[in-house]
Amino acid sequence: MNYSVWDHIEVSDDEDDTHPNIDTPSLFKWRHEARVERMEQFMKAGEDLEKGLAEARRKLTEAQKKTKNLSSSATDDAKAELSKAQAEEKKLKKEERDWEKKLEDHRREEKKMPWNVDTLSKEGFSKSIMNIKPDVKEETEEQKEQKHKTFVEKYEKQIKHFGMLKRWDDSQKYLSDNPHLVCEETANYLVIMCIDLEVEEKKALMEQVAHQTIVMQFILELAKSLKVDPRGCFRQFFAKIKTADQQYQDAFNDELESFKERVRGRAKIRIERAMKEYEEEERQKRLGPGGLDPAEVYETLPEEMQKCFDEKDIAMLQTVITKMDPTEAKVHMKRCIDSGLWVPNSRTDEGDDKEEDATYEELNKEMGQQKIE
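What you see is a predicted model, and the numbers here were worked out from it, not measured in a lab.

Focus: the nonpolar core
Working step 1: Counting 41 residues, the largest nonpolar core has Phe162, Leu175, Ile219, Phe237 and Phe238 as the members making the most contacts within it.
Working step 2: Taken together, the elements giving at least two residues each to this core come down to helix H3 (141-163), helix H4 (168-177), helix H5 (184-199), helix H6 (203-226), helix H7 (234-242) and helix H8 (246-286).
Working step 3: If one sorts the elements of this core by residue count, H6 sits on top with 11 residues.
Working step 4: With residues up to four places along the chain from it excluded, the contact list for Ile219 reads Leu175, Val182, Pro230, Cys233, Phe234, Phe237 and Phe238.
Working step 5: With 14 residues, the next largest nonpolar core counts Met305, Ile321, Met333 and Ile337 among its residues.

Put into C-alpha cells, the structure is as follows:
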C-alpha cells in the first residue's frame, strides 16, 4: 500500500500547539478563510483559462470555414482574401496551442496543491426524494375545458356513484379503489350536478351530492396546503374528519351549508335565465309582419279599441275609429297591422257575408287602405 499521498496535506483546523496568547479558534478561522480565498482565486483562474480556450477554438472554427469557402472560388479577390484567411488561421492555431498549454500547466499545478479539510473527500452522489407536487405550467381555459370534458366522458358513472355515498368509510374505500377520481374535475362535475338537481327540485339528492362535493374540495385543499398529490392524502382527510374535534367538524358543516346556499342561488339564476329565454322565444313567435309584439301593441290601444278586439266586433271597431282623430286612428291601425292584430286582405269565418264585406270596405276607406276582399 502506498501511503505517500497522505504526506502532502495542509492541516490548519486541528493543530493543538498554538501560542497561549493567541486565540486558537480565531487563528483556525483566519487560516481557513485565507485557504478558501486562495482556492477560489485558483478556481477562477482555471475557469478563465477554459473560457479563453473555448473562445480561441470558436474563432479558429470560423476561420477554417472561411478558408474553405474561399478555396472554392477562383477569382483574384478571393485568392487575395484566401491568403489573409490562411494567415489568420495559422495565427489562431498558435493561440489555441498557447491556451491549451496554459490550461495544462494550471491543472498540473492543481495536482501539486496540498490536500486540506475541504478537498480530502468529495461527495460521491447525492439524491433526495420528496413527495411534493411539481409546479406545472398553468393551463389555458380551452385546455381545462377539454380536459374536463374528456375526464367526464370516461368516468361520469363513477363520479355519480361517489356523489351518492353517505358513509365516511364507504367514500374512503371507493376512492381507494378509484384514486383517479381525487381531482379537480370530479369536484367541478359534482358542483354542476348539484345545480342540476336543485333546478329539477330534487332537494334531498342535491344535499347528498353537496356533502360529497365538500368532501372532495376539503381533500383538494388539504393536498394544496401539504403540497402533495391529492391522491396521496385523501386517507389523511378521512382519518382527520372521523376523529375531528368540534371546531374542525363545525368548519366542515359551515362550508357545506354555505355551498348549498350558493347552489340554490345559482339554480335560481339559471331558472330565471331559462324563463327569460322562453319568454323571448314566445315573443319572437308572436311578432307580426312589422316586427311588433301583438300583446304589447294591445296594451297601448285605447280601451274602446281593446274591447273591439276582445269581442272581435268589426262593426264596433269601425264606429270607434270614426269617432277618433284620423291621424291617431291611422297610427293605431298601422301598429295593429304590424303586430298581426289586424290582418288586411283576409276573410273572416263568414267571409261570404255581404254586410260584413261592406263593413270591411268602410273601415278600410276610413283608414285610406285598399279594399279587403
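Structural notes on unusual backbone geometry
Working step 1: Phi is positive for Lys227, which is not a glycine, with a value near 60 degrees.
Working step 2: Following the sequence through the fold, Lys227 ends up in the loop between H6 and H7.

Some details on the environment of Gln212
Working step 1: One can find Gln212 in helix H6.
Working step 2: What makes Gln212 buried here is its relative accessible area of 0%.
Working step 3: Setting aside anything within four residues of it in sequence, one finds Gln212 in contact with Phe162, Gly163, Leu165, Ser171 and Leu190.
Working step 4: Within the structure, the side chain of Gln212 is placed 3.0 Å from the side chain of His211, a separation counted as a polar contact.

Some thoughts on the packing of aromatic side chains
Working step 1: Taken as a whole and assessed by the stated rule, the structure comprises nine aromatic pairs.
Working step 2: For the pair Trp168 and Phe237, a centre-to-centre distance of 6.3 Å together with 70 degrees between the ring planes defines the contact as edge-to-face. Pair noted here: Trp168 is in helix H4 and Phe237 is in helix H7, with a separation of 69 residues, a long-range link.
Working step 3: With 6.5 Å between their ring centres and 35 degrees between their planes, Phe237 and Phe252 make a pair best called tilted. Here the residue Phe237 occupies a position in helix H7, and Phe252 occupies one in helix H8, the gap between them amounting to 15 residues. The burial state of Phe237 is the same as that of Phe252; both residues are buried.

Points about the packing of H6 against H7
How two helices sit against one another is set out by the angle between their axes and by the gap between those axes.
Working step 1: With their axes 9 Å apart at the nearest point, H6 and H7 run at an angle of 115 degrees to one another. When the axis of H6 is compared with that of H7, the two are roughly perpendicular. Along this stretch, H6 crosses H7, giving a crossing that reads as right-handed. For the pair H6 and H7, the contacting residues are Val215, Phe218, Ile219, Leu222 and Leu226 in the first and Phe234, Gln236, Phe237 and Phe238 in the second.

Focus on the side chain of His332
Working step 1: Among the structural elements, His332 can be located in helix H12 (residues 326-339).
Working step 2: Ignoring anything within four residues of it in the chain, the contact list for His332 reads Thr300, Leu301, Pro302, Met305 and Met324.

Observations concerning H8
Working step 1: For H8, with 41 residues, the first-to-last C-alpha span of 60 Å sits near the 60 Å given by 1.5 Å per residue.
Working step 2: Along H8, the positions that sit buried rather than exposed are Tyr248, Phe252, Leu256, Phe259, Lys260, Val263 and Ala267.
Working step 3: As for H8, its buried residues are in contact with H4, H5, H6 and H7.

Here's the deal with the packing of H4 against H7
Working step 1: Direction vectors running N to C along H4 and H7 enclose 175 degrees, while the axes themselves pass 10 Å from each other. Our classification of the angle between H4 and H7 gives roughly antiparallel. Together, Trp168, Asp169, Ser171, Gln172, Leu175 and Ser176 of H4 and Phe234, Arg235, Phe237, Phe238, Ile241 and Lys242 of H7 make up the contact between the two elements.
Working step 2: Residue classes in the contact of H4 with H7 are distributed as six nonpolar, three polar and three charged.

Quick word on the pattern of salt bridges
Working step 1: A complete count under the given rule lists 27 salt bridges for this structure.
Working step 2: The closest approach of N and O atoms between Asp196 and Arg270, which form a salt bridge, is 2.5 Å. Here Asp196, found in helix H5, pairs with Arg270, found in helix H8; they are 74 residues apart in sequence, far enough to count as distant.
Working step 3: Residue Asp196 is classed as partly exposed on the basis of its relative accessible area, which comes to 29%.
Working step 4: Take Arg270: its relative accessible area is 29%, and that puts it in the partly exposed class.

Brief notes about the confidence of the model for the protein chain
Working step 1: Of the residues in the protein chain, 79% reach a pLDDT of 70 or more, and the chain-wide mean stands at 79.
Working step 2: In the predicted structure, residues 347-362 sits below a pLDDT of 50 and forms 14 contacts with residues beyond four places in sequence or in another chain.
Working step 3: Overall, residues 364-373 carries pLDDT values under 50, and its contacts beyond four positions in sequence, including any with other chains, amount to 23 contacts.

Concerning helix H2 (residues 76-112)
Working step 1: Helix length check: H2, at 37 residues, gives a terminal C-alpha distance of 55 Å against a target of 54 Å (1.5 Å per residue), a fit within 8%.
Working step 2: Taken as a whole, H2 has its buried residues at Ala78, Leu82, Ala85, Glu89, Leu92, Glu96, Leu103 and His106.

About the criteria used
- Residues numbered from 1 in each chain as written.
- Predicted model: local features only at pLDDT ≥ 70, side-chain atom pairs only at ≥ 80, totals over all residues.
- Heavy atoms only, no water.
- Core = buried A, V, L, I, M, F, W, Y, C linked by side-chain atoms within 4.5 Å.
- Buried < 20%, exposed > 50% of the residue type's maximum accessible area, 1.4 Å probe, protein only.
- Helix = DSSP H or I, 4+ residues; strand = E, 2+ residues; numbered from the N terminus.
- Contact = heavy atoms within 4.5 Å.
- Polar contact = N/O pair within 3.5 Å; in protein donor to acceptor, adjacent residues only side chain to side chain.
- Phe/Tyr/Trp six-rings, centres within 6.5 Å; stacked < 30°, edge-to-face > 60°.
- Axes fitted to C-alpha atoms, helices over the stretch in contact; angles between N-to-C directions.
- Parallel < 35°, antiparallel > 145°, perpendicular 65-115°, else oblique.
- Left-handed = near helix turned anticlockwise from the far one by under 90°.
- Expected span 1.5 Å × (residues − 1).
- Nonpolar A, V, L, I, M, F, W, Y, C, P; charged D, E, K, R; others polar.
- Salt bridge = Lys/Arg side-chain N within 4 Å of Asp/Glu carboxyl O.
- pLDDT = per-residue confidence, 0-100.

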